[in-house]
Structure formats: C-alpha cells, structure tokens
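# Coordinate inspection notes
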Amino acid sequence: MRNILYSAFLFIVTITLNGCKSSESGDFDQADKIAVSWEVVTNFAGPNDIFEAKFYLKNNGNLTLGDSSWALFFNMAPRPLLPYPTPQPARLEHINGDWYKMTPNKGFRLAPGDSVTVIYKGTEGIVKETDAPLGLYFVFYDKEGKENQVVQIEQCAVVPFTKKEQLLRGPNDQDPTLTHEYQYKENLAVSPVTSDQLLKVIPSPVKITAGKGTFTLATSTPIHYETGLESEAKLLAQRLKDITGSDFTVKNAAPAANTISLQLGKIAVNGIGKEAYHLNINDKGISIIGSDAAGVFYGTQSLVSMIPTTVYTQKSPIGLAYVQIEDAPRFHFRSMQLDVSRNFQNKETILRTLDILAFYKLNHFLLYTTEDEGWRLEIEGLPELTQVGAQRQHIASYKDAALHPGYGSGPISYDKGKHGSGFYSKADFIEILKYATARHIKVIPEVNLPGHAHAAIKAMEARYARLMKEGKEKEANEYRLIDPDDKSVYLSAQGYKDNVVDITKESTYHFYEKVTDEIIKMYKEAGLTLDLFHIGGDEVADGAWTKSPLAQELLKKDPTIGNAYNLHPYFIRRLLPRLQKRNLQVHGWEEVALFKDKDGILKVNPEFAGKNVIPYVWNNVYDPDRGYRLANAGYPVVLCNVTNFYFDLAYNNDPKEPGLYWAGFVDTRDNYTFAPYDMFKTTYTTAMGKPMTFENAERLKPEARKNIIGVECQLWSETVKGRDMMEYYTLPKLMGFAESAWSAERSWENIADKVAREKVIQSNWNVFVNTLAQKELPRLSYLNGGYNYRVPLPGAIVENSTLKANVAFPGLAIRYTTDGSEPNEKSPEYKSPVKVGGLIKLKSFDASGKCSRTVTIQ
C-alpha cells in the first residue's frame, strides 16, 4: 500500500514542491540545531481574552539565519493573530487550517550561539501544553524563491504555565485553577464504601436481586447455546479464555446443570423488548435468556463484568455470587463518534475500541473518516481520495492539489511517529464492519459536505489535473467539487479558507452518489445492508458562496432561498432524495435541520421533519434548548451535548492535562450526570465557567420525549496522537457515558429542588467512583492486553509540615516520596497524615499498578 501511495506522492511533489529536498542532506543541515521553545506570557493582554505569547529561538549550530530565504513552518491550535504594537525580528502568518509560518523581518540575524525572541498576540486564551506549536520544520529558498531544502527540528519546548495569567483563559474565565490544594478540597466530597455496596455491573441494570451462595465457574463448565447464538457463545468462550488461559467447550445444546446456557425468549424489561436479557446465577449454573441475540450478548457482558479482577492475574476458578438480573437499555441508540481524519488511528486500534464499546453496551459507532484534514476510506474508482486525501506533507502553497501538514504531522507523509497519513483499505473496512456486527455494533459511515471538505476538494482537484493532462475534460469534471471562479472569503471553525464545495454543480452530487454507492457495496461484501448514513453537514463558514458567480446566479433565480447561508439547506434538499432512493436514513449534525430567517437568526427548519432525517445536537451551551426545539418540531434527535459527552474536551484546566476547552471542560462526572428529558438540570456552566440559567429556554414537551432516540459521545482528534492518547481520553469517561445511555432513569432526574437533587447525585456518584476505582479500572489493565486509561491525580495539602492527601476515586492508593524521586509501587503508601519535608511527589495507583501523573509539592 505504501508503494502505491509513494508513487502518487511523487506526482503531487512534482507539481507542488518546486524541487524541495525534503530530509536530504544539504547546505542547511545545521538548522536542526536551532532549538525552539514557546511560552504563553499572559491571557490578560487585552479585553476579550487576548493572549500574548513568545517564541524563543536558540542557535546551537554553526549556521547563521539571516533576514531572507527561509521560513519556519508549524502547526498550532488555530487562533486569530493580532498585530503586535512594536516591531519584531520575525512575523507570524496563518496559512490555512492550523498551519502557520514564521518569516524574518528586515534586519533579522541569528548567529551561532545567539538567541532571538519573537512576541505575538492573538485572541482566545491558551492554557494547555497541547496548544503548543508542533511539527516544526524550516524551508530554505534559493535566489529565485524556489524551495531548496526542508529541515525538521526537534519538538518545541514548552515553558511551564505557573502564573494566574497563564492558567486562566482571560479576565472572563470563572473556572477555578486546578491545584493540588483545590483537588484535595474537591475530593473531600467522596468517601470509601464497602465491597458489597459497589455496583455489580456498569452500566447499572434495571433490576438486580442478590442471592445467597456462590457458583464456581470452572474451565470445565461448558457453554450451551440455542441455534442462532453460536457467535455470542464463541465470543464468550474467547473472553473467558483470555481471562483464565483455558479453553471452554462450546456446543449447540439444551440448557443443563452446571453449564452456561444461552437462550432466546419472549421477555421485556421496563416495557422494552429489544436488547433485553435475564441473567441468573444459582446452584444449577448460569442462564442467560435474551429477547434477541443482542440481549444475549449483553447478558454475557454483564456476566464477564462480575468476574473478580483477581482472576485476571491468578487464573484461579471463578467464584460468582448468586444473582438475578433483569435488564434492558433506556435508549436503543447508544453511540460513540470517533474522528480518525484529523489524526489517524489504525485498524487494530478500531477493533480494540469496538471491544470496549461492546463491553459497556454501546451499539452504534460513527466512524468519522472524512474531514478537512484527511479522507480515510478507500473508494473504488476514485484513487485520489486516498492517494492525495489521506496523506499530509509540506506543499509550496495551500492552494496546491494536496494536503498540507496538520496537527504536527510534519513535512513528510507517513513519517514515523506522526499521525497525519493513513487510510482503511476496502478489506480493512469490511473487516471492521464484520467485527462490529459480531458485537452488535452498527457502524455508521460518514461523508461530510458541504463544509469540512478540504481533503475531498484537494483530492478531486488532483484528479481533475491528472485527467486534463490526459485530455479527458469530460471525465475531469465528472466529480469536481469547486467552482474555480468562486472568490468567496471565509474562515471555518478550524481555520480553513477553502473547505466548502460548490452546491450548484451536479458534479458535487454525482461525487456524493459515487462515494455512497461504493460504501454500500462494501457493506454488502460484509454481508450487511447499509441503512444509516451520516452526512455531516455542519459548520459551513459565514462568507461561503458569497462571491461565487454560480451561487449568486442561483440566488437570483430562486429568491425563496433567501441568503447565502440557506444554500446549505438547499444542498440538503437536493441530496436527500438521492439518499432516500438508496433506502438510507439520513443522519447529520444539527445544522441539517436549521435555516436562517431574513434577520439572520438560526431557526428550526420544518422542511425535513418527518422525512427520516436525524439531527445530532451538540450545542447546549451557546444555544441551550436547540435539541428540545428540534424534538418539539417533530425531528427524531440524538443528544450529543458538548458539556457532557465531548471526550476530546480536557478533563480539567491543568495545563498538562491534554485536550480542548472551547466549550469548557468535561470529566467523567459530566458524562455520568445527564438528564436527557430535562438537560437544564445537568448543564451547569458556560464555556468560561459562568453559571447558566434557563428561564426563557424551551422545555421538552411530554409528547416529544419519544423523539429523543438516543445519545452519543464524541471524540474529535485534533489533540489525539495515537492509540494511547485516544484511550486516555476515552477511559473512564466511557463508563460515565454508558450509565447515561443504558441505565434506567435515575431517581434524581425528577427531583425539582436543586439542593436535594445534587445531594442524591453526589451519593450515587460516590458509589459509582468507588466501583470505578476498585473494579472497572483495574480490569482495563488486562482486557485485550490492557487499555491506557486515565487514573486521576491525588489531591494534597501540607499544613504545619504535615501532608494530607486523598483521591477522587476512593479505592485508589496514594504512594509518595520525599527525596524528589518518582513514586512507584514500592514507595510508601499514604494512609493518614504524615510529617514531611523537602520535595514531595505523589501518585494515585489502582490495584493493577496503573498510576496517575505526578503531583509535586515543594
């Protein structure tokens, strides 16, 4: 696959790089000895959260940088730049997306041994190390301005965030800064519970009745299954083998004593007859009866979740307490969205992810394979989508028909340790589909238009250039996505200037149909029928189509459209019948069901209600009742609330805690604390930490409850580099989300008084986090060879030379040192206040030995 890609890359290089000698030796090799560091000076540099930051360049080589013929390229969290009031040695320029460059001003000189500081300003405060510049490289030019050599440099060093003006996002930030003292006070709200108080299963079943006695599940215990449940039986046997190291016999046979019996039956729980199950463990053995195969599967997951964690290490016989469980999901639609476009995740990571989603009983997976930054799915007949759209590298101009670096991917495609390039072959995707289906997860494909289409546009422009060169003008235009005469100026939410397709041209719709048909074929090859399709449809930037001759002509011909924004619903209007013709239910972000009135106000568009269009609503912070307005208007809605379900938002505002924060911070408790039918009860603050009120918000009508069809958690990958980071962002947030998605209505959801409600929430949360610490997290160290979950840092204070420490999840152990060394499993365990001195370091540990980051106290 790489050889094919490299051939395509050579074609792109020929037309775009003007002879650039990427990573070859040359006259400028010593540029890699230039060290770059970066510092946020203050987020209080002016009104409206203006920040000031600095680049420090130190020349540790023997090459002198002058005031011409070079540029330093990099990626960083996109922020609008502001003019700096005093002259600087160099200037910063936003190119496209999160791609920036620094070029010298007249008089610049960086001689061997010298240092230079470049100061700049921008809007939207910066409080995370993950916002720092990434993927830095120099490009050197000859006298004609042609690229001569590319030299990568070491990762940019980040000056620590220590001061208030660095830790807060600006004068409007009302979130408290996270210190070990603040964490200690927060942790006082939780306390240990006894093992018999722990939840037996997460997500919590509808009904559990404990019995008296224990059944010993030995490796000699066979698994009997009813016809039609062979897959569920084999998956259970494989999981038990992973845990015990021994094979379990699987046979199509009737229930019998001392077996695990898997059967189908006419059962319903809480009035729900799909995905329901009964699980009984008694002296006769283990019985799982499901309303369908999915119900049986979820019964097996509950069975596995009750296996003591000690069994994973000791490989001993499994003692299971007698119990009766009756269970069914609250929502049929329980989904996770994973963005693999901004930063790629390989097939093996996707399969591991599907396993853990299934374990926590999610049944949909929105695999986000198309975005501005990458197209990740092979489409037969359109090779450029992956030859061009699936790889990022340095290019001479962002207008070239190729993808520029993004999120630190650097100047070379498929560079080791980078995550900007990669895609799933047809065979990969079919394997993913089969793997998910066996675990009762429906994979939802996604093709995002009319915005977020940078990768698709560049790929089709490369195709256009290739075919025009071959003299095939008709073929060249067949799938072209832009009007070259469109001079519209806009900037998308992620900083793109060129990511919106032409919605007037039939070739755009032909492209969509072609891609859709090829995806349908892949589902058929996997033995499936595709019936859900996500069209994206979000974040078309203001200004798009305003200077497109074709779009303006359309607005004149059809004045009912009204304005340029409403070319977006026009696009949906034209696309929808094409997808419905293919028997597809159309899913998309909330914008697919909105339009702008003559005053420019976004409103619910009634046009697509009742037409099998499902909006996914994330915005409950800037437009808090949008989800309910859509449901009340008749749209089936998936709630994706940003304040509760965005896994890419950082757990907290600790600068070392990775993630985004444009809508605030989201931790496991936010995922757990969600009232779907009165979400105002569980929406607490704005993005800047200001308490929210909802006096004028539209409430969900009782008759519209049926329109809340489910919930979805999101993991966008701007800051997610590789499998370990992906799992860190996901776990343990996923457990909190699963509780909101599967478990029956919690008692506190109907408590009107806030004080009384919060008291019940806290009591329930205390049991939940005890269960996480003592059962769920340690298990994750062993499932599938171990997941990279997050262990929360301890809180600590020192008073009168006495250390007091505690944990956010009771059941975790705290170990500490006083000599400056890193705590490990052999370090002293903190159990009560202790006299200390010097440099103190602490970590939280779970029973598997997995630990948190370090808390340091001087």
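Note: the structure precedes this text.
Scope of this entry: the structure provided in the associated data block. (Residues numbered from 1 in each chain as written. Predicted model: local features only at pLDDT ≥ 70, side-chain atom pairs only at ≥ 80, totals over all residues. Heavy atoms only, no water.)

### Topic: the overall build of the chain
Looking only at helices and strands, the chain has 20 helices and 36 strands in total. In terms of overall size, the chain behaves like a compact globule, its C-alpha atoms giving a radius of gyration of 28 Å where 858 residues would be expected to give roughly 29 Å. Projected onto its principal axes, the C-alpha coordinates of the chain cover approximately 85 × 70 × 55 Å. Classification of the 858 residues of the chain by burial places 60% in the buried group. Considering only contacts in the chain between residues 6 or more positions apart, those separated by 24 or more positions represent 75%. (Helix = DSSP H or I, 4+ residues; strand = E, 2+ residues; numbered from the N terminus. Rg over C-alpha atoms; globule rule 2.2 N^0.38 Å. Buried < 20%, exposed > 50% of the residue type's maximum accessible area, 1.4 Å probe, protein only. Contact = heavy atoms within 4.5 Å.)

### Some remarks on the sheet that holds strand S6 (residues 99-104)
Sheet strands line up and pair through hydrogen bonds in the backbone, either parallel or antiparallel. An order of S5-S6-S3-S8-S9 is seen for the five strands of this open sheet, with the pairing classed as antiparallel. What marks the edges here is a single partner per strand, and that holds for strand S5 (90-96) and strand S9 (147-152). With strand direction ignored, the average angle separating the axes of adjacent strands in the sheet is 25°. Across four bridges, the pairing between strand S3 (residues 70-75) and S6 is antiparallel. When the bridges of S6 are listed, Asn 75 appears paired with Trp 99. (Pairing = 2+ DSSP bridges. Axes fitted to C-alpha atoms, helices over the stretch in contact; angles between N-to-C directions.)

### A few points about the nonpolar core
Judged by nonpolar contacts, the single largest core of 200 residues is most densely connected at Ile 281, Ile 286, Trp 375, Phe 511, Ile 519 and Leu 842. The element best represented in this core is helix H12 (residues 506-525), accounting for eight residues. Contacts of Ile 281, omitting those with residues within four sequence positions, involve Phe 215, Ile 286, Leu 303, Met 306, Leu 320, Ala 321, Tyr 322 and Val 323. Formed by 39 residues, the second largest nonpolar core is a distinct cluster that contains Ala 31, Tyr 100, Ile 126 and Val 127. (Core = buried A, V, L, I, M, F, W, Y, C linked by side-chain atoms within 4.5 Å.)

### What about unusual backbone geometry?
The omega torsion of the bond from Leu 449 to Pro 450 falls at 5°, within 30 degrees of zero and hence cis. With respect to the helices and strands, Pro 450 occurs in the loop between strand S22 (442-444) and helix H10 (454-469). Despite not being glycine, Asn 583 shows a phi value in the positive range, around 60°. Within the secondary structure, Asn 583 sits in the loop between helix H14 (567-580) and strand S24 (585-589). According to the relative accessible area criterion, Asn 583 is exposed, its value standing at 63%.

### Here we look at the environment of Leu 649
In this fold, Leu 649 is placed in the loop between helix H16 (642-645) and helix H17 (668-672). By relative accessible area, Leu 649 is classed as buried at 1%. Not counting residues up to four positions away in its chain, the partners in contact with Leu 649 are Val 642, Leu 660, Tyr 661, Trp 662, Ala 663, Gly 664, Val 666 and Lys 733.

### Considerations on the sheet that holds strand S28 (residues 637-639)
Here we have eight strands laid out as an open sheet, ordered S22-S19-S18-S29-S28-S27-S24-S23, and parallel in their pairing. Looking along the sheet, the strands with just one partner apiece sit at the ends: S22 and strand S23 (532-534). Averaged over all neighbouring strand pairs, the angle between strand axes comes to 25°, with direction disregarded. Sheet topology note: the strand S18 (residues 333-339)/strand S19 (residues 364-368) ladder contains five bridges and is parallel. Its bridge partner lying in S19, Gln 337 is registered against Leu 366. Strands in contact with H12 are S22 and S23; relative to S23, the strand with the most contacts, it is inclined by about 135°.

### Observations regarding the packing of helix H4 (residues 230-244) against helix H5 (residues 293-305)
Two elements in contact, H4 and H5, have axes separated by 10 Å at closest approach and are oriented at 15°. With respect to H5, the axis of H4 lies roughly parallel. The element H4 and its partner H5 pack so that their crossing is right-handed. Contacts from Glu 232, Leu 235, Leu 236, Arg 239 and Ile 243 in H4 reach Ala 293, Val 296, Phe 297, Thr 300, Leu 303 and Val 304 in H5. (Parallel < 35°, antiparallel > 145°, perpendicular 65-115°, else oblique. Left-handed = near helix turned anticlockwise from the far one by under 90°.)

### Brief notes about the packing of aromatic side chains
For the structure on display, the rule yields 37 aromatic pairs. Taking the centre distance of 5.9 Å and the plane angle of 70° together, the rings of Phe 429 and Tyr 523 count as edge-to-face. Note that Phe 429 is positioned in helix H9 (residues 426-438) and Tyr 523 in helix H12, a separation of 94 residues in sequence. Using a relative accessible area of 2% as the deciding quantity, one classes Phe 429 as buried. Considering the side-chain rings of Phe 680 and Phe 694, the 4.8 Å spacing of their centres and the 35° angle between planes classify their relative orientation as tilted. With Phe 680 in the loop between H17 and strand S29 (708-715) and Phe 694 in the loop between H17 and S29, this pair connects stretches of sequence that are 14 residues apart. A single burial state applies to Phe 680 and to Phe 694, both of which are buried. The residue whose ring lies beneath Arg 352 is Tyr 787, and the NZ or CZ to ring-centre distance is 4.4 Å. Positioned above the aromatic ring of Tyr 789 is the side chain of Lys 850, whose terminal nitrogen or guanidinium carbon lies 5.5 Å from the ring centre. (Phe/Tyr/Trp six-rings, centres within 6.5 Å; stacked < 30°, edge-to-face > 60°. Lys NZ or Arg CZ within 6 Å of the ring centre and 35° of its normal.)

### Comments concerning the packing of helix H7 (residues 347-359) against helix H18 (residues 722-730)
Look at H7 against H18: their axes get within 10 Å of each other, and the N-to-C directions meet at 20°. The angle between the axes of H7 and H18 places the two elements in the roughly parallel class. Crossing of H7 against H18: the hand is right-handed. Two secondary-structure elements touch here, H7 through Glu 348, Thr 349, Arg 352 and Thr 353 and H18 through Arg 723, Met 726 and Glu 727. Of the residues that constitute the contact of H7 with H18, the class distribution is one nonpolar, two polar and four charged. (Nonpolar A, V, L, I, M, F, W, Y, C, P; charged D, E, K, R; others polar.)

### What about H12?
A rise of 1.5 Å per residue sets the reference length of H12, with its 20 residues, at 28 Å; its end C-alpha atoms lie 29 Å apart and thus fit the reference within 8%. The buried fraction of H12 is high, at 14 of 20 residues. Phi turns positive one or two residues past the end of H12, at Gly 527, with a value near 80°. (Expected span 1.5 Å × (residues − 1).)

### So, the pairing of S18
Of all seven residues that make up S18, seven are buried, and the element is covered over most of its length. Judged by which residues are buried, S18 turns out to be covered on both faces: Phe 333, Ser 335, Gln 337 and Asp 339 on one side and Arg 334, Met 336 and Leu 338 on the other are all buried. Pairing of S18 with S29, which is carried by six bridges, proceeds in the parallel orientation. Along S29, the bridge assignment pairs Phe 333 with Gly 710. Since S18 and S19 lie parallel, the crossover through H7 that links them has a hand, and here it is right-handed. (Right-handed = clockwise from strand over helix to strand, strands pointing away.)

### Considerations on helix H19 (residues 733-742)
With 10 of 10 residues buried, H19 lies mostly within the body of the structure. Taken together, the buried positions of H19 are occupied by Lys 733, Leu 734, Met 735, Gly 736, Phe 737, Ala 738, Glu 739, Ser 740, Ala 741 and Trp 742.

### Structural notes on the pattern of salt bridges
If you walk through the whole model with that rule in mind, you get 55 salt bridges. Glu 749 is the salt-bridge partner of Arg 746, the closest N and O atoms lying 3.2 Å from each other. For Glu 749, a relative accessible area of 4% corresponds to the buried category. One salt-bridge network, held together by shared partners, links Glu 506, Glu 513, Asp 517, Arg 574, Arg 578 and Arg 582. (Salt bridge = Lys/Arg side-chain N within 4 Å of Asp/Glu carboxyl O.)

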